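Tertiary structure, described
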Number of protein chains: 4
Amino acid sequence: MKIDKKHIEHHNEQLKAKHQRAFDYLAEDITHVEEIIAKLEKFQIAIPSWALGTGGTRFGRFSGKGEPGTLEQKIEDVGLLHALNRSSGAISLHIPWDIPQDAENIKALAASFGLAFDAVNSNTFQDQPDQEYSYKFGSLQHVDPNVRKQAVQHNIDVINHGIALGSKALTVWLADGSSFPGQLNFREAFQNTLESLKAIYAHLPEDWKLFVEYKAFEPNFYSTTIADWGQSLLLANKLGDKAYTLVDLGHHLPNANIEQIVSLLLMEGKLAGFHFNDSKYADDDLTAGSVKPYQLFLIFNELVEGMDARGIDHATGLGWMIDASHNLKDPLVDLLQSVDAIKLAYAQALLVDREALKAAQQRNDVVAAQEILQNAYRTDLRPVVAEARLRQGAALNPVALFNELDVRNKLIEERGNQSVATGL
Amino acid sequence: MKIDKKHIEHHNEQLKAKHQRAFDYLAEDITHVEEIIAKLEKFQIAIPSWALGTGGTRFGRFSGKGEPGTLEQKIEDVGLLHALNRSSGAISLHIPWDIPQDAENIKALAASFGLAFDAVNSNTFQDQPDQEYSYKFGSLQHVDPNVRKQAVQHNIDVINHGIALGSKALTVWLADGSSFPGQLNFREAFQNTLESLKAIYAHLPEDWKLFVEYKAFEPNFYSTTIADWGQSLLLANKLGDKAYTLVDLGHHLPNANIEQIVSLLLMEGKLAGFHFNDSKYADDDLTAGSVKPYQLFLIFNELVEGMDARGIDHATGLGWMIDASHNLKDPLVDLLQSVDAIKLAYAQALLVDREALKAAQQRNDVVAAQEILQNAYRTDLRPVVAEARLRQGAALNPVALFNELDVRNKLIEERGNQSVATGL
Amino acid sequence: MKIDKKHIEHHNEQLKAKHQRAFDYLAEDITHVEEIIAKLEKFQIAIPSWALGTGGTRFGRFSGKGEPGTLEQKIEDVGLLHALNRSSGAISLHIPWDIPQDAENIKALAASFGLAFDAVNSNTFQDQPDQEYSYKFGSLQHVDPNVRKQAVQHNIDVINHGIALGSKALTVWLADGSSFPGQLNFREAFQNTLESLKAIYAHLPEDWKLFVEYKAFEPNFYSTTIADWGQSLLLANKLGDKAYTLVDLGHHLPNANIEQIVSLLLMEGKLAGFHFNDSKYADDDLTAGSVKPYQLFLIFNELVEGMDARGIDHATGLGWMIDASHNLKDPLVDLLQSVDAIKLAYAQALLVDREALKAAQQRNDVVAAQEILQNAYRTDLRPVVAEARLRQGAALNPVALFNELDVRNKLIEERGNQSVATGL
Amino acid sequence: MKIDKKHIEHHNEQLKAKHQRAFDYLAEDITHVEEIIAKLEKFQIAIPSWALGTGGTRFGRFSGKGEPGTLEQKIEDVGLLHALNRSSGAISLHIPWDIPQDAENIKALAASFGLAFDAVNSNTFQDQPDQEYSYKFGSLQHVDPNVRKQAVQHNIDVINHGIALGSKALTVWLADGSSFPGQLNFREAFQNTLESLKAIYAHLPEDWKLFVEYKAFEPNFYSTTIADWGQSLLLANKLGDKAYTLVDLGHHLPNANIEQIVSLLLMEGKLAGFHFNDSKYADDDLTAGSVKPYQLFLIFNELVEGMDARGIDHATGLGWMIDASHNLKDPLVDLLQSVDAIKLAYAQALLVDREALKAAQQRNDVVAAQEILQNAYRTDLRPVVAEARLRQGAALNPVALFNELDVRNKLIEERGNQSVATGL
């Protein structure tokens with residue numbers, strides 16, 4: 001299924017008057033509204049190939065329908081999203097769930113939807129049917145050099161797939177760790193992981209980056225070998241200039257101040273980018289902005305401040321990805337909501353009066369600092385985000401149009417009820 | 001496979017001298033050691049039928065081998081455990097994973113291993129292939145009365161299976177809840193759940209109990225409709241005298257004082273019993289006593305104190321069950337370790353000098369109170385627990401004998417490599 | 001110091017045009033805006049007498065200046081707040097920090113500022129110089145009946161002070177608990193607390209309420225005897241119809257779903273009301289809405305829904321209080337920010353399309369439910385809250401006017417630099 | 001007060017027979033028991049000068065009696081502890097609470113009790129009466145260079161005091177951070193802190209170390225500028241070879257795996273040492289080993305393994321200190337319990353069969369690894385720790401002897417009821 005431009009135009013036509021009134025109201029007050037819009041237009045959030053199907057938990061999975069059964073269908077799904085919001089112009093593949101058998105055709109298909117290939121992701125947290133050694137007790141950390149070698153080779157294969165598609169980064173998330181005290185030697189697990197990452201790093205093309213993700217717990221329940229930003233940064237520093245730390249919002253201990261971590265990683269020049277999602281308890285993988293929208297804003301507040309301080313281009317300097325698991329919502333709608341919430345938080349951060357904030361901080365005016373942040377946050381910038389979409393030819397209300405066009409049922413018609421996507 | 005008594009005798013013979021020395025050393029100091037042993041001998045912990053196979057997480061499952069593929073084989077597995085430790089004399093079935101097609105034969109088989117049937121467990125957190133309505137959005141809480149009715153009927157079916165087997169309790173654990181703010185009305189979800197539970201309660205035989213389990217989060221990630229002991233107790237009180245609150249150690253928010261909850265539920269006469277396991281982060285379902293052994297002791301300290309205060313028989317008054325997920329260890333060995341850790345904690349609690357403790361509490365002597373508890377906890381009571389096993393004809397060291405007898409490989413020989421148990 | 005009406009009028013005059021434009025813009029879309037305003041006008045949040053001075057932590061206190069040194073000055077301070085926002089029309093006294101020596105004069109003084117007396121608060125978590133028995137090991141829970149008797153008598157004294165002032169509720173917050181395993185018997189501590197509360201309850205006038213507050217931890221670090229809503233509700237139910245559970249936002253374990261607790265307490269007819277504040281880690285006592293504004297909205301969403309379902313008057317049915325500790329901000333400004341954030345959250349909750357939400361819940365439309373809630377939350381309702389203030393004769397921007405009038409310096413002039421308020 | 005050797009001898013005489021039996025029983029099984037004892041004898045844990053008085057919380061303080069009112073009396077108190085356990089042979093001073101006016105005399109006094117001076121501690125988290133600039137908004141991080149300069153100078157003063165006394169390390173714990181989003185710029189706060197620490201580091205004598213402590217939260221409630229081990233390590237690495245990361249057990253987010261952090265800091269050669277205490281919820285500052293004794297053991301397990309791997313001397317290579325707040329117990333008894341729990345955990349770690357553990361780890365035998373650790377942990381090593389004390393001329397049971405000798409009452413007689421120690 002493809003979304004016809006006429007549908008978008010028709011949809012926008014109907015909402016136009018109401019939108020214009022709202023936008024005009026805001027534009028009168030925001031002197032740099034055009035600058036904000038320009039930045040919003042450039043801002044793209046990559047969609048992970050594994051998030052296009054219904055997710056589940058260890059207690060089961062309630063399948064949706066019309067899921068993309070092939071890589072081609074996944075690309076088609078991201079194409080749908082991008083047509084609706086013009087902000088999802090990239091796809092992040094996960095190997096071996098999405099091995100591109102014919103890279104050229106896949107690239108051409110993606111290009112036909114205006115999509116690029118973002119970071120590629122390796123998987124050494126599951127065993128594949130034909131695999132020689134098991135990852136039950138880890139992969140890059142494993143005590144057996146044969147297992148490490150196999151896992152390194154898999155990452156090299158993933159890089160090669162990425163090269164063929166035009167990706168420029170490899171994301172390594174490891175489940176490696178332990179579930180019981182005594183199970184492993186922390187230092188040796190770290191050193192083995194470092195050596196394995198070095199072997200992978202050595203195969204990285206000159207213009208590639210290595211994103212080292214961290215996670216506090218799950219699926220291992222006593223220790224994770226790359227458990228926090230400190231451990232990831234230690235590895236990234238030992239690896240070299242192309243290695244960076246990737247932040248997933250759900251991968252922290254309770255109450256962690258993620259925005260501070262973001263700021264410090266930017267300070268060190270070592271922030272890779274993000275896996276956006278939201279959570280209340282653990283790695284809940286919920287829609288971005290659905291539980292803690294103020295935290296999302298505070299993170300973007302640090303991002304904007306820190307990127308500007310280092311002269312990093314907002315659109316291209318870091319990796320922006322979603323990593324969520326859509327257990328209850330239609331995956332495509334969930335992704336539309338996530339992208340929208342992310343762009344709203346970005347817009348709010350762009351609205352912050354940085355000079356006034358800096359001045360308040362310099363005089364320790366805590367009240368004023370809060371007022372400045374919350375003034376930006378409380379301003380209803382949805383019309384500004386919508387205006388950016390409008391100018392790009394996207395829908396004023398992507399979720400509404402998705403429903404109006406009955407997209408899911410059309411996909412079910414095309415793909416059938418039983419089609420199931422690979423992923424979690 | 002059955003374990004021959006001769007193997008146990010042979011094993012014990014070899015360890016006897018060392019054991020005797022250790023036991024004699026302890027017995028000289030512990031005046032009521034015989035009383036402790038007598039209680040340990042009676043204390044049985046039920047094995048859940050779903051914990052006999054390799055567990056997994058949403059990120060995958062690394063299968064073990066020789067898993068029990070049928071209910072008969074599961075009973076055989078528990079029989080093995082019970083032969084080794086004489087403390088696992090009951091099995092807790094989970095429907096529909098373990099539907100007893102021929103209850104009489106199943107009962108006879110279990111009896112041949114000296115096993116009884118503990119609480120039966122219903123499952124409305126997963127959809128079954130032939131099911132009319134989905135539990136995607138809950139079961140007993142569901143907005144649609146048809147779904148609730150189906151879920152109620154399932155519980156009644158489970159009761160009927162339990163009656164046929166001689167069970168005396170139904171455990172209801174509900175995944176019901178929501179993953180996003182706004183998804184449900186908390187009050188109506190609670191009321192629907194209450195009405196559904198009432199319908200189930202109405203089918204409970206006179207001598208049965210209803211165990212209402214609670215859990216803070218997972219698989220729902222914003223709210224759980226029976227999320228804490230307060231909500232479970234509220235329901236139990238509204239249901240009636242046969243309804244009780246079941247405590248699973250992993251089902252709490254971070255830092256919860258579980259032993260206090262246990263004490264208060266005993267005070268209210270509403271403690272059903274336990275699902276034992278251990279955890280560091282969430283519902284990790286690790287081996288009991290493997291992460292927080294002092295907490296396990298403190299819980300038993302409250303149990304012994306509270307049961308004695310109410311005249312509850314330690315062995316029969318409450319339900320003692322394990323609920324763990326064996327992702328990395330051989331499930332049978334994991335269960336042997338869990339049972340052993342539980343009995344050790346029970347023995348330590350029995351060693352606490354209650355009069356001295358009460359006196360210290362009465363004079364607010366915090367130092368003495370800690371010394372009294374830790375004196376019991378720090379005493380190495382493994383020889384006393386072993387002595388209880390010895391007298392019952394079990395192995396002095398069940399884990400060691402399991403390894404010596406090469407039990408797992410014999411099961412693999414019998415069942416093959418591919419046999420997979422139902423469960424999580 | 002008193003704030004002259006002319007100052008407010010002048011301030012409003014200057015902001016009027018900008019405000020009117022913003023309000024008109026909103027009013028066009030919100031059909032029931034007048035209803036919202038009417039409710040906002042009636043909504044009053046009580047100011048605690050102990051929050052008018054600079055707070056501190058166990059690591060120290062950085063005193064502010066011009067703090068109210070007497071009860072009269074405290075009333076004057078609340079009068080200032082109320083003049084600025086017309087939403088702080090009550091004061092909640094804490095005994096023995098604020099003993100009204102001459103109740104009639106104090107009442108008259110308060111009346112002159114338009115202030116009533118909200119719930120009175122007892123203090124048995126600190127020893128007073130002239131006290132016979134120490135509360136080091138608890139008060140209402142204490143093993144020594146003499147200590148309990150003394151603590152009960154103190155609460156009766158507090159009720160009597162409250163009667164003289166026209167209060168209608170007693171808030172009991174207990175630090176009672178233990179810091180070490182074994183220190184106390186949980187059951188006996190609970191029973192002692194219950195007996196003590198019964199003795200207090202017996203002295204409650206017919207039209208009074210008893211608010212039983214709970215707190216997870218601090219200042220006791222192993223157990224708190226009224227630690228969670230379940231324990232508070234258990235007590236309230238055993239006490240009788242006049243006993244209720246009071247919720248303080250900072251008194252929960254990490255990740256607790258407070259809005260669900262609120263909903264269930266309303267369902268049970270046992271919600272007393274609130275101590276508003278905000279927190280990231282523990283009982284941080286920060287400005288309401290400064291860290292988790294969406295949570296505050298979600299709580300009000302349940303409050304509005306639940307109060308309407310039970311026919312509870314929003315303004316008078318429950319107790320609305322702030323309980324914060326102003327370590328870094330001017331206490332008066334902090335309170336202005338808190339009141340404003342609370343009213344904004346209330347306004348957002350009033351904007352929620354309840355019929356649409358209910359319909360979405362009935363069809364399990366999780367996406368729509370989220371959109372409905374977030375549509376209300378993302379709408380910038382500050383002009384509506386300001387309009388309510390304007391109509392009441394309060395300042396359009398209370399914080400700005402506080403600064404313009406240089407209130408703090410005028411208070412310092414009147415009271416001196418060294419004036420220190422009683423409190424935490 | 002001094003403890004006469006004869007009292008100790010008499011006490012030991014009475015317990016000797018029972019002890020000997022217990023020790024002999026153990027010694028027969030533990031082949032390297034003499035090696036363990038030798039290490040225990042050398043192991044000294046420094047006592048912080050601020051922990052000799054009754055602690056409190058922000059809600060108040062319940063004073064004890066006979067507290068040391070002067071530095072001389074504090075040294076006398078540590079002398080008492082050391083006489084009782086021969087394991088507290090050092091004192092860690094806190095400036096300005098304990099300014100040694102006459103260093104030579106103070107040194108001589110300490111030497112008379114066999115005490116050395118451990119790390120000195122600076123305090124820039126409180127304002128002192130005569131201080132020019134306030135630390136309300138931080139010290140080393142402060143936006144105002146004058147404040148930073150003052151705080152740096154204070155640290156230099158502390159170093160000078162330490163030099164005079166023979167200390168070899170400065171511990172810097174900073175409360176610096178923020179309580180509200182927007183209050184400070186994380187990056188600039190970090191950079192200011194780094195620059196300030198560099199200025200302090202420049203004044204460090206050649207043979208000194210700088211211990212950089214971290215803490216997740218409190219007294220700041222939104223961010224702490226040195227909040228976790230990653231931030232501390234980043235600073236330590238930027239500072240140089242003499243800078244190290246200090247671990248306080250209570251300074252972590254919920255569920256943090258502290259033993260893994262310890263292992264990695266040892267790997268990096270950057271572990272300074274410890275502030276021992278215990279906690280359930282936050283920085284509870286409870287007696288070491290009173291809440292999570294298994295965690296304490298697991299930490300020592302990593303310490304022994306990691307120190308041996310790097311050839312670090314157990315007794316002198318790292319800094320061993322207690323940092324607790326004795327709100328409910330007699331401070332001296334609390335310290336005796338803490339030291340004892342620490343030595344017990346150390347002894348258990350020394351008992352771990354390292355070769356067997358390594359072998360189990362190499363074959364991923366998770367069950368065996370757990371059995372090996374728990375075998376050491378469950379063994380009752382109190383007689384071995386007591387034997388080490390006995391050989392050093394300390395008391396077999398220090399807490400019991402403290403009570404027998406009625407030490408506290410004698411101190412009250414000497415010092416009076418009103419004597420209050422400086423500290424928290």
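Shown above is the structure to which this text applies.
Scope of this entry: the structure provided in the associated data block. (Residues numbered from 1 in each chain as written. Chains lettered and ligands numbered in written order. Predicted model: local features only at pLDDT ≥ 70, side-chain atom pairs only at ≥ 80, totals over all residues. Heavy atoms only, no water.)

On to the overall build of chain A, then. A tally of helices and strands in chain A yields 15 helices and 13 strands. Since a compact globule built from 424 residues should have a radius of gyration of about 22 Å, the 22 Å found for chain A is in line with a globular shape. Once the C-alpha set of chain A is aligned to its principal axes, its extents read approximately 65 × 60 × 40 Å. Counting across all 424 residues of chain A, residues that qualify as buried make up 70%. Considering only residue pairs separated by 6 or more positions, chain A has 80% of its internal contacts joining residues 24 or more positions apart. Roughly 13,500 Å² of accessible area belongs to chain A as shown, and the carbon and sulfur atoms make up 49% of that amount. With 40 positive and 56 negative side-chain charges, chain A shows a spacing of 1 Å between the two charge centroids. (Helix = DSSP H or I, 4+ residues; strand = E, 2+ residues; numbered from the N terminus. Rg over C-alpha atoms; globule rule 2.2 N^0.38 Å. Buried < 20%, exposed > 50% of the residue type's maximum accessible area, 1.4 Å probe, protein only. Contact = heavy atoms within 4.5 Å. Areas by Shrake-Rupley, 256 points an atom, 1.4 Å probe, with all protein chains shown as cover. Lys, Arg positive; Asp, Glu negative; His and termini not counted. Charge placed at Lys NZ, Arg CZ, Asp CG, Glu CD.)

Along an α-helix, residues three or four positions apart point the same way, because every turn accommodates 3.6 residues. Residues and elements named next belong to chain D. Between its first and last C-alpha, helix α3 (residues 71–85) extends 21 Å over 15 residues, near the 21 Å set by a 1.5 Å rise per residue. Of all 15 residues in α3, 13 are buried; the element is thus mostly enclosed. Directly beyond the C-terminal end of α3, a positive phi value near 50° is found at R86. (Expected span 1.5 Å × (residues − 1).)

Mapping chain A onto chain D is achieved by rotating through 180° and translating by 0.0 Å along the same axis, at an RMSD of 0.0 Å. Between the two chains, the operation in question is that of a two-fold axis. Residue A:G230, judged by its C-alpha, is the member of chain A lying nearest the rotation axis, at 2.1 Å. (Least-squares fit on C-alpha atoms with pLDDT ≥ 70 in both.)

In this section: the packing of aromatic side chains. Evaluated as defined, the whole model comprises 76 aromatic pairs over all chains. Ring centres of B:F274 and B:F276 lie 5.0 Å apart, and the angle between their planes is 5°; on these two criteria the pair is classed as stacked. By the burial criterion, B:F274 is buried, and B:F276 matches it. These aromatic residues form a ring-pair network of at least three members: A:F43, A:F274, A:F276, A:F300, A:W320 and A:Y346. Across the ring face of B:F113, the terminal group of B:K2 is positioned such that the distance to the ring centre comes to 4.7 Å. We note D:K329 situated over the ring of C:F180; from NZ or CZ to the ring centre the distance is 3.7 Å. (Phe/Tyr/Trp six-rings, centres within 6.5 Å; stacked < 30°, edge-to-face > 60°. Lys NZ or Arg CZ within 6 Å of the ring centre and 35° of its normal.)

Take the nonpolar core next. Counting residues in each nonpolar core, the largest one holds 518 residues, and the members touching the most others are A:L303, B:L303, C:F300, C:L303 and D:L303. With sequence-adjacent residues up to four places away left out, A:L303 is seen in contact with A:V262, A:L266, A:L271, A:F274, A:D308, A:L318 and A:W320. Residues B:A216, C:L253, D:F217 and D:Y281 belong to the second largest nonpolar core, which totals 24 residues. (Core = buried A, V, L, I, M, F, W, Y, C linked by side-chain atoms within 4.5 Å.)

This brings us to the interface of chain A and chain B. Taken together, the 47 residues of chain A in the interface contact 47 residues of chain B. Summed over both partners, the interface of chain A with chain B comes to about 4,000 Å²; 68% of that surface belongs to carbon and sulfur atoms. A salt bridge links B:R58 to A:E218; its shortest N-O distance comes to 3.2 Å. In this structure, the connection of chain A to chain B is made through 12 residue pairs in polar contact (both at pLDDT 80 or more). Taken together, the residues that form the side of chain A that touches chain B break down as 21 nonpolar, 15 polar and 11 charged. (Buried area = accessible area lost by both parts, 1.4 Å probe. Salt bridge = Lys/Arg side-chain N within 4 Å of Asp/Glu carboxyl O. Polar contact = N/O pair within 3.5 Å; in protein donor to acceptor, adjacent residues only side chain to side chain. Nonpolar A, V, L, I, M, F, W, Y, C, P; charged D, E, K, R; others polar.)

Here we take up the relation of the copies chain A and chain B. For the pair chain A and chain B, the relating rotation is 180°, the translation along its axis is 0.0 Å, and the fit reaches an RMSD of 0.0 Å. The overlap is high: 100% of the interface residues of chain A also sit at the interface in chain B, so the same surface is used on both sides.

Next up on the list: the side chain of A:Q295. Tracing the chain through its elements places A:Q295 in helix α9 (residues 293–310). Every residue in contact with A:Q295, bar those within four places of it in the chain, is listed here: A:A256, A:I258 and A:E259.

Okay, the pattern of salt bridges next. Here the structure, examined in full by the defined rule, presents 96 salt bridges over all chains. A salt bridge links A:K238 to D:E268; the nearest nitrogen and oxygen atoms lie 3.0 Å apart. Of the two residues, A:K238 is situated in helix α7 (residues 229–239) and D:E268 in the loop between α8 (258–267) and β12 (271–276); the pairing between them involves two chains. Judged by its relative accessible area of 35%, A:K238 is partly exposed. A salt bridge links A:K358 to D:E188; the shortest N-O distance between them is 2.8 Å. On the criterion of chain membership, the pair formed by A:K358 in helix α11 (residues 354–362) and D:E188 in helix α6 (residues 186–201) is interchain, its members lying in two chains. Classification of A:K358 as partly exposed rests on a relative accessible area of 39%. Through salt bridges with shared partners, a single ionic network connects A:R58, B:K215, B:E218, B:D283 and B:D285.

A separate point is the interface of chain A and chain D. The partner chain D presents 52 residues to the 52 residues of chain A that form the contact. Buried area between chain A and chain D, summed over both chains or domains, comes out near 4,600 Å², and the portion from carbon and sulfur atoms is 58%. Linking chain A with chain D are 6 salt bridges. Scanning the region where chain A abuts chain D turns up 18 residue pairs in polar contact (both at pLDDT 80 or more). At the level of elements, α6 (186–201), β10 (223–224), α7, α8 (258–267), α9, α11 and α12 (366–378) of chain A are the ones that each hand at least two residues to the side of chain A that touches chain D. Among the residues forming the side of chain A that touches chain D, the class breakdown is 24 nonpolar, 19 polar and 9 charged.

Residues and elements named next belong to chain C. The sheet built from 6 strands is open, its strands ordered β6-β7-β9-β11-β12-β13 with parallel pairing. Every interior strand has two partners, whereas the edge strands, β6 (120–121) and β13 (319–322), have only one. Where strand β11 (residues 243–248) and strand β12 (residues 271–276) come together, 4 bridges link them in parallel fashion. Across the sheet, D248 pairs through a bridge with H275, a residue of β12. (Pairing = 2+ DSSP bridges.)

A few words on helix α5 (residues 145–165) of chain C. Residue and element names in this part refer to chain C. Between the first and last C-alpha of α5 there are 30 Å, a value that for 21 residues agrees with the 30 Å anticipated at 1.5 Å per step. V147, R148, Q150, A151, V152, H154, N155, I156, V158, I159, G162 and L165 are the residues of α5 that are buried. Close packing links the buried residues of α5 with α4 (103–112), β5 (116–117), β6, β7 (169–172) and α6 (186–201). One or two positions beyond α5, positive phi appears at G166, with a value near 95°.

Once that is clear, we can look at the sheet that holds strand β13 (residues 319–322) of chain B. Residue and element names in this part refer to chain B. Across the sheet, which stays open at both edges, the 6 strands sit in the order β6-β7-β9-β11-β12-β13 with parallel pairing between neighbours. On the outer flanks of this sheet lie β6 (120–121) and β13, each paired with one strand and no other. In terms of strand pairing, strand β12 (residues 271–276) meets β13 through 4 bridges, oriented parallel. By the bridge assignment for β13, F274 is matched with W320. Helix α7 (residues 229–239) contacts β9 (209–213) and β11 (243–248) of the sheet and is inclined by roughly 160° relative to β11. (Axes fitted to C-alpha atoms, helices over the stretch in contact; angles between N-to-C directions.)

All names here are of chain A. With respect to the helices and strands, N192 occurs in helix α6. N192 sits 26 residues away from E218 along the chain, and the two C-alpha atoms are 20 Å apart. Those residues in contact with N192, other than ones at most four positions away along the chain, are L140, Q141, H142, V143 and R148.

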